[in-house]
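Observations on the three-dimensional arrangement
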Amino acid sequence: MEALLFNVSGGFLEGIVRGYKAGLLTQNQYNNLTQCETIEDFRTQLSATDYGNFLANEPLPISTSTISDKATQLLVDQFNYLRSNAVEPLSKFLEYMTYAYMIDNVILIITGTLHGRNTSELLQRCHPLGIFDTMPALCVATNVEELYHTVLVETPLAPYFRDAVSAADLDDLNIEIIRNTLYKAYLEDFDAFCQSLGGPTADVMHRILAFEADRRAINITINSFGTQLSKEQRAKLFPTIGRLFPEGNNTLARADEIDQVRQACEAVSEYRAFFDSGGRSHANGNGGANGNSESTANLLGDLDSELGAAADLEDRFFVHEVHLNKLAFLQQFQHAVFYSYIKLKEQEIRSVTWIAECIAQNARDRIHDFIPTF
Amino acid sequence: MGDDYPTLFRSEQMSLVQLIVPTEVAHDTIAELGELGNVQFKDLNPDVNPFQRSYVGEIRRVDEMARRVRFFASQLEKEKEPIPVRPLYDSAPLVTVGPRAAQTIDELDVKLAEHESRLTQMNESYQLLSERLRELVEARHVLRETAQFFDQAAVRETGEVRASLDDSSAPLLQHDDREQQYSSGELQFDLEFVAGTIDRARLSTFERVLWRVLRGNLYMNYIDIQEPFVDPATGAETRKNVFIIFAHGDILLGKIRKVAESMGATIYPIDVNADKRADSMREVTGRLEDLQIVLYNTGANRRTELMTIGENIASWEDVVGKEKLIYETLNLLNYDARRKTLVAEGWCPTRDIPQIQLALRHATEESGTNVPPILHELRTNRTPPTFHRTNKFTEGFQTIMDAYGVATYEEVNPGLFAVITFPFLFAVMFGDIGHGFIIFISAALMILFERKLAKADLGEIFGTFFFGRYIILLMGVFSIYTGFLYNDIFSKSLHLFHSGWEFPEAHGNDTLVGFANGHTYPFGIDPAWHGAENGLLFTNSYKMKMSIVLGVIHMTFAVCLQVPNHIRFRRFSDIWTNFIPQMVFLQSIFGYLVVCIIYKWTVDWSQASTQPPSLLNMLIGMVLSPGSVDPDSQLYPGQATVQVILLLMAGVCVPWLLISKPYLQYQEMKKIQGQGYIGLGADDVPRHTDDTTLEGEEEGNGQAIVEANDEEHEQHDFSEVVVHQVIHTIEFCLGCVSHTASYLRLWALSLAHAQLSEVLWDMTLANVLGMPGVVGIIALAFVGVMWLVLTISILCVMELEGEPVVPVVEPVPTADPPHAGPPDIEVE
């Protein structure tokens, strides 16, 4: 049925998005990029790719954050183009995609405000895809209740938040709980939406979202070691759509150390590989301390700054995510390509920024640690 | 060959040349050759990354300069009042060759950097001042609007207070006291407030959020600011509102301030006291005036700066663009570090080599050194690129042909014949003296004002017309000619000669039947057919047959075009294996049809014993039921036999075409193998011994650096030959049928054109021509204009845009054989 009717409304945009996908950097182009000596070279090299001369009008010297910003801007422009041309149900699908960024932005602002950061600086750091009208007002809120009633009540996040609302004060732990509860609700809702679309969209998206859910569950578990998060609370944060659910989730909820996490993942053959060598070093390393700092690293959207095993695991997750997203392009007449494209492009921007950063800081030995997309 | 006048018949003879350029003169040499524009450089370092090449540094520097120039251009564009930009041909040229070249570029670089820093500085200060000005303006608005608000409130409140005081039993003295208090302190509000400005688009969100944050405990008032605020940097307009919010308590006010700030609002401290408000109003106005003067001066300064930039920007742009291209070309060259020379390889027309030599010498002189670049020809077995030397007349035609495919080196170029066939086939469809004349005049005007128009920027649509002005001119001429043939001028007919038909006097409404009066109309269609009831039938059949005749002639001609190729490339066997069977096939079916058409025209069917046969059915019958012809519709006696013979001939041609060539190839291959030779891969052949290398270099006959490795060596497999020939055969046989059918489009479009113009005439002018009196004249004038506009816009412009596409479809497939012939196959 999709083959018959999909192209009526989605064909054009699928064509566009596949065209965008063809513009993703290839392995060869990554190799060329890693050979660059200076950011100047880097710009010359990028101008030969689909990025074109997006940096041509920047005065020298170019900072890596400019590269990242400009690249993100390109992505946002593409997304907005897709979104403004989309009709139901694709428009709804794309809408759903922005919720994740909204959650991140909300958490970013709350945390920032809590730590006394400047509001306008925080607003600048928000992901442009997750910006909504009343977002700036978030900084007024001082407790969860207020947060919900002043701002979030009119955003699409409101239904997710309703479950998370408890009269608790805002502190780092609670914010993490809120974030994870929101994410859990969001993932489940998104998955339900995709299932309602049916067809290949449901299949492919379920695969991707299930992995996302499992990843979050594992991350939550690892990060909660050594914090005052109780095991019951932890169990509540696990999304229920992953491949680990329900058995693995239960094991995770009871886990006290990294080995138990690995045991929980044994059931899924793909996940077993994540812990093969990375898990070892992590197990005898600094479990709890790493967890905390990693969550802050996550918080600030700076995933590459952390060294060590957790980052290693994170990298493996990314690799697997890229793999799943690539698989999405093997099926036609479905919406998952839009999701996958945006995710791949994000990964590409992260990789490009990583390379640029390595060049700028002259850390050539680590330049190959990026995650290639195609 | 080199002395011949350049012809379009074949592409120019090309030579692979090698240039050995000393590094000192490399830049100037490339600049000189670039101006000449007839060398195609080859990339001699294909394995080197773009950023590892020799001249990356220079390119980067030029890029930076280009960025600055672009920045200036965008600044010039943003300026509201346009700043005059001196056009390139008017500005003094910047000399970037010769001994002072490096200095010129350095100076330019510095100059650009200076201008940029000055401009950015000015922009910054201008922006800063504008920002401050905006704030002050906003403050003034806030003051004014809040004052108004307070005034209203004061009036209301005093009224109320007085009313309450009147019937109070307070003592008089106390009352006075209070009065005094009012007069001195005006009003004492219990409520505290926040006032400021906010973007209008955000106002509703702001209000909503506030309402929720304060749980409704607020009173908010807002007023639109009439004039928009313009951002000096981007020129974007924003509209703002003044708001004033009353709330009670410090916490609430703090919250309001926080929300307001996070929503991008600006808050201005406003005093409750009216006097103080008036003071600050005065102060703001005063500062505003000062600031405006400063701002005006800054703006004027900036404008003068931009003016100086505008003087030169065109030449800067030119120089920077050229420099970039020069360095990019230099990057293609191979650098010989040992001898401090650059080695270039490229293709150029053999005829132009003296010219290039001259340019090289000139470049050496210019740069002031005495080491000239050396040029010599290389021998190569590679196929040179195709180069057609065009002029402004043939350029348009050649471009159309190239859009469909470029002939191989030295093959016959269909572009030459398209100069006539293209406009003629167009004219067959467009035949109308009037319309043809209009487009002829417009093309003639474009050619007349060629120089002026070439300089102007014409825009996409008109630019296309201008580019094809000579095509349009010929189209116009031929349309006038075919218009005479069709006897059609704006859908009316001309009565130039004595008509061959006469009509009896009209009696009532009967249909009149014309009778021949013995005259023959000497040229074109007899005007008597115009308006006749069966006129359409006649022109229909006439145009249909004509388009078939023209089509078959055109295809025959195109098939013939391969003969010069075969002779040129000494593939004489191809004449027997390709050309002859193709010709026989085409002529025995479609050539026969054409002969029948012409024969049928010559027969007077009113006197003939049989009915006029339908030629279409005849052709179908010839193929489907060979050997039997219905005697009632027989065209000539013995038709059946002739047709069977022709069909057999065509039938024989197919296997002939299919088999003969591969067979010959096979024979030749066997012969060679029989002699004991084995085909060697080109790469395995030792190209030259060491001795010859040395000798060659001494004599200046260097070898090409990049040898033929990159050229795909076709594996001369026998199977490939067979497959190719099969495809070729099928393509040709099907092509004959489908192309003949395609030529019917000439008929269809010609008919459509004629009918459209007739409808246009009948619907507009024909209605008003007979009207008497003043009304008639007015209506005639009005409708006449309308008719003319519609004629020009629909029939001339729209069809001109649309129709070229149609005839182009025809010449190309038929012109295909000359260059779609099998690639020359050599057996080693």
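The structure displayed is predicted, hence computed values, not measured ones. (Residues numbered from 1 in each chain as written. Chains lettered and ligands numbered in written order. Predicted model: local features only at pLDDT ≥ 70, side-chain atom pairs only at ≥ 80, totals over all residues. Heavy atoms only, no water.)

**Description of the overall build of chain A**
- Scanning chain A from terminus to terminus reveals 18 helices and zero strands.
- Buried residues in chain A amount to 53% of all 374 residues.
- Long-range contacts, defined as pairs at least 24 residues apart, comprise 67% of the intrachain contacts of chain A with a sequence gap of at least 6. (Helix = DSSP H or I, 4+ residues; strand = E, 2+ residues; numbered from the N terminus. Buried < 20%, exposed > 50% of the residue type's maximum accessible area, 1.4 Å probe, protein only. Contact = heavy atoms within 4.5 Å.)

**Considerations on the sheet that holds strand β3 (residues 192-199) of chain B**
Residues and elements named next belong to chain B.
- Strand order in the open sheet formed by four strands is β4-β7-β3-β8, and the pairing between neighbours is antiparallel. What marks the edges here is a single partner per strand, and that holds for β4 (219-224) and β8 (266-268). The average angle at which neighbouring strand axes cross in this sheet is 25°, direction not considered.
- When β3 meets β8, the two strands line up antiparallel, connected through three bridges. Following the sheet pairing, G196 is matched in β8 by I267.
- Of the strands in this sheet, β3, β4 and β7 (240-247) are in contact with helix α5 (residues 200-213), which crosses β3 at around 145°.
- Contacts from helix α6 (residues 250-262) reach β3, β7 and β8, with the element oriented near 10° to β3. (Pairing = 2+ DSSP bridges. Axes fitted to C-alpha atoms, helices over the stretch in contact; angles between N-to-C directions.)

**What about the UniProt feature "transmembrane region" (unreviewed entry) in chain B?**
Residue and element names in this part refer to chain B.
- According to UniProt, the positions carrying the feature "transmembrane region" (unreviewed entry) are residues 416-449, 461-486, 546-563, 584-602, 640-659 and 765-790.
- Note that residues 546-563 is 94% helix and 0% strand, and that its end C-alpha atoms are spaced 27 Å apart.
- Segment residues 765-790 splits into 85% helix and 0% strand. End C-alpha atoms: 12 Å apart. (UniProt positions renumbered as here; feature names shortened; annotations may be inferred.)

**A closer look at the packing of α5 of chain B against α6 of chain B**
All names here are of chain B.
- At a minimum axis separation of 11 Å, α5 and α6 run at an interaxial angle of 150°. By the angle class used here, α5 and α6 are roughly antiparallel. Considering only the axes of α5 and α6, their crossing is right-handed. Here α5 contributes F206, V209, L210 and V213 to the contact with α6, which in turn contributes K255, I256, V259 and A260.
- Residues of the contact of α5 with α6, tallied by class, amount to seven nonpolar, no polar and one charged. (Parallel < 35°, antiparallel > 145°, perpendicular 65-115°, else oblique. Left-handed = near helix turned anticlockwise from the far one by under 90°. Nonpolar A, V, L, I, M, F, W, Y, C, P; charged D, E, K, R; others polar.)

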